[in-house]
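Examination of the molecular architecture
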Amino acid sequence: MTIAAVSTALSPAGIAVIRISGDDAVAIADRVFRTRGRTLSDMAGYTCAYGAVFSRGEKLDEAVATVFRAPHSYTGEDVVELSCHGGTAVTLEILRALYDAGAVPAGPGEFTKRAFLGGKLDLIEAESVMDIIRASSSDEARAAVSVKDGRLSRAINALKETLLSTAAHLGAWADYPEEDIPEVDPDMIETTLNTVVEQLVTILGSYDNGRLLTDGINTVIVGKPNVGKSTLMNLLSGEQMSIVTDIPGTTRDSIEAAVRLGSVRLNLTDTAGLREADNEIERIGVSRTREKLRAASLIICVFDTSEPLDIEDRELLVALPDGVPAIAICNKTDLSTVDAPDISEARFSYIFSISAKYSTERERAALTTALQDAVRELFFDHCGGSGEILLYNERQRSLTERALNAAKDALSAVRRGETLDAVTVAIEDTAGLLAELTGERVTDEVVDRVFHHFCVGK
């Protein structure tokens, strides 16, 4: 079956690309595409021809046809790509002409699915294709490209081969005692399994970093009423997201916005002030603030630099959850009549000062850059940036965790002195889960579920 779909965004643009893949891709393209002196069937792979696309004798558009011959194509099949003008109407007309000529519509992710089934990509690399498409920052894109280039797959395959070699040695030693096979050394097996466990722990630990890159960092802005939280929220978002007045308690509930600071994405929440509320609505808002604090990955605390710390400020410092990075913003420097609040004893990773309301464009840009650098150092720089091996989705995380547990079972079996058969079974279980992770051993149901989330045309 030969499939076709628009592989670029279906919207007005300078160019659109329609991809055709399958045994009859070249023959079907030949039925609609005409060029002088030859047909596409005469062309070698990696060659282009300028011509026009026709349907029922009517010229639809000028186009460039690029021919890729199996197995040297994205899908591993014969592929033709028609590059035409990017108008929506003409693109759809050409696609209909290809359907009339014998192609069928491609399903979501079907080109990449065929690449996987044809051995051009493993399942991890295939999943990274959509991560590249969805990437909204340079860091996210570089990390996804690293996965697409096989960094994670190579690490997983190396562990799998180590385990299979170990299992093979154990099996041969047990089954052929009369042969000249090196004796099994329990200490060597334990060392090998220790290394596998350590590497799987490291890979599994990358999941949170992968999710932060793709989903952003859940960031809560907190502080007492009228300290400038909403003004800071509006400054960072570049929009009037929160109502700003001089009346304490204006923000009664949480207000959320996704903000990009360079390559860093913050999922900001502007919260109600932490204080004894005067009414039920405000009490609900304060309760939600405390819930947001407990669930946050990053906390930005805002203080009024024009007055000393008061009871509410100190209650906020006490309320900061352990283990969550926190940044302090000392606001209202334009009103400063006393020394800046003494928060040096608190556990803030960074402390910045600004007048969020009256700052200049340069000062606001400087704060944004400083926050971006701070967040990068807190969450990404320590983990190797885009060169780190990252798990991106729940399927990868779940299988890695199961493989880690199986490897720990094998290690425990060695340490308890259990039979070689029991150790071998646990090692083979670990290797099997790693093979499932890369798609070497995977069910049709899992494959369908992975590619169901892809866009049509990729």
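Because the structure is a prediction, the values reported are computed rather than measured.

1. So, the nonpolar core
Among the nonpolar cores identified, the biggest contains 67 residues, and Ile217 and Ile329 are the most heavily contacted of them. A total of nine residues in this core trace back to one element, the largest contributor, which is helix H13 (residues 394–415). Excluding its chain neighbours within four sequence positions, the residues that come into contact with Ile329 are Leu232, Ile300, Cys301, Val302, Phe303, Phe352, Ile354, Leu367 and Leu371. Leu40, Ala97, Leu98 and Ala103 belong to the second-largest nonpolar core, a separate cluster that totals 29 residues.

2. Examining the confidence of the model for the protein chain
Mean pLDDT over the protein chain works out to 82, with 84% of the residues at or above the 70 mark. In this model, residues 241–253 is a region of pLDDT below 50 whose contacts with residues beyond four sequence positions or in other chains number 39 contacts.

3. Here we look at the packing of helix H7 (residues 186–205) against helix H8 (residues 207–215)
It is at 4 Å that the axes of H7 and H8 come closest, and there the two elements cross at 20°. Between H7 and H8, the crossing angle belongs to the class labelled roughly parallel. Contacts from Ile203, Leu204 and Gly205 in H7 reach Tyr207, Asp208 and Asn209 in H8.

4. Re the environment of Asp421
The residue Asp421 is located in helix H14 (residues 420–438) in this model. Distance in space between the C-alpha atoms of Asp421 and Ala167 is 9.5 Å, their sequence separation being 254 residues.

5. Looking at empty space enclosed by the protein
All told, the structure shown has two cavities of 30 Å³ or more when counted by the stated rule. When its volume is computed, the largest cavity comes out at roughly 50 Å³. Around the largest cavity, the lining is made up of ten residues, and of these Leu212, Leu213, Ser263, Arg265 and Phe380 lie nearest the centre. Listing elements by their share of the lining of the largest cavity, those giving two or more residues are H8 and strand E10 (264–270). For the lining of the largest cavity, the class distribution of residues is five nonpolar, three polar and two charged.

6. Some thoughts on the side chain of Glu110
Its place among the elements puts Glu110 in helix H3 (residues 110–117). Looking at Glu110, the relative accessible area reads 17%, which means it is buried.

7. Describing the pairing of strand E2 (residues 13–21)
Bridging between strand E1 (residues 3–6) and E2 involves four bridges; their strand directions are antiparallel. Directly across from Val6, in E2, lies its bridge partner Ile18. The turn linking E1 back onto E2 is made up of six residues. Relative to strand E6 (residues 79–86), E2 is paired through seven bridges, and the arrangement is antiparallel. For Arg19, the partnering residue across the bridge sits in E6 and is Glu81.

Parameters and conventions
- Residues numbered from 1 in each chain as written.
- Predicted model: local features only at pLDDT ≥ 70, side-chain atom pairs only at ≥ 80, totals over all residues.
- Heavy atoms only, no water.
- Core = buried A, V, L, I, M, F, W, Y, C linked by side-chain atoms within 4.5 Å.
- Buried < 20%, exposed > 50% of the residue type's maximum accessible area, 1.4 Å probe, protein only.
- Helix = DSSP H or I, 4+ residues; strand = E, 2+ residues; numbered from the N terminus.
- Contact = heavy atoms within 4.5 Å.
- pLDDT = per-residue confidence, 0-100.
- Axes fitted to C-alpha atoms, helices over the stretch in contact; angles between N-to-C directions.
- Parallel < 35°, antiparallel > 145°, perpendicular 65-115°, else oblique.
- 1 Å grid on protein atoms, 1.4 Å probe; cavity = no way out; pocket = protein on both sides within 12 Å on 5 of 7 lines; lining within 4 Å.
- Points joined across faces, edges and corners; volume = space filled by probe spheres on them.
- Nonpolar A, V, L, I, M, F, W, Y, C, P; charged D, E, K, R; others polar.
- Pairing = 2+ DSSP bridges.

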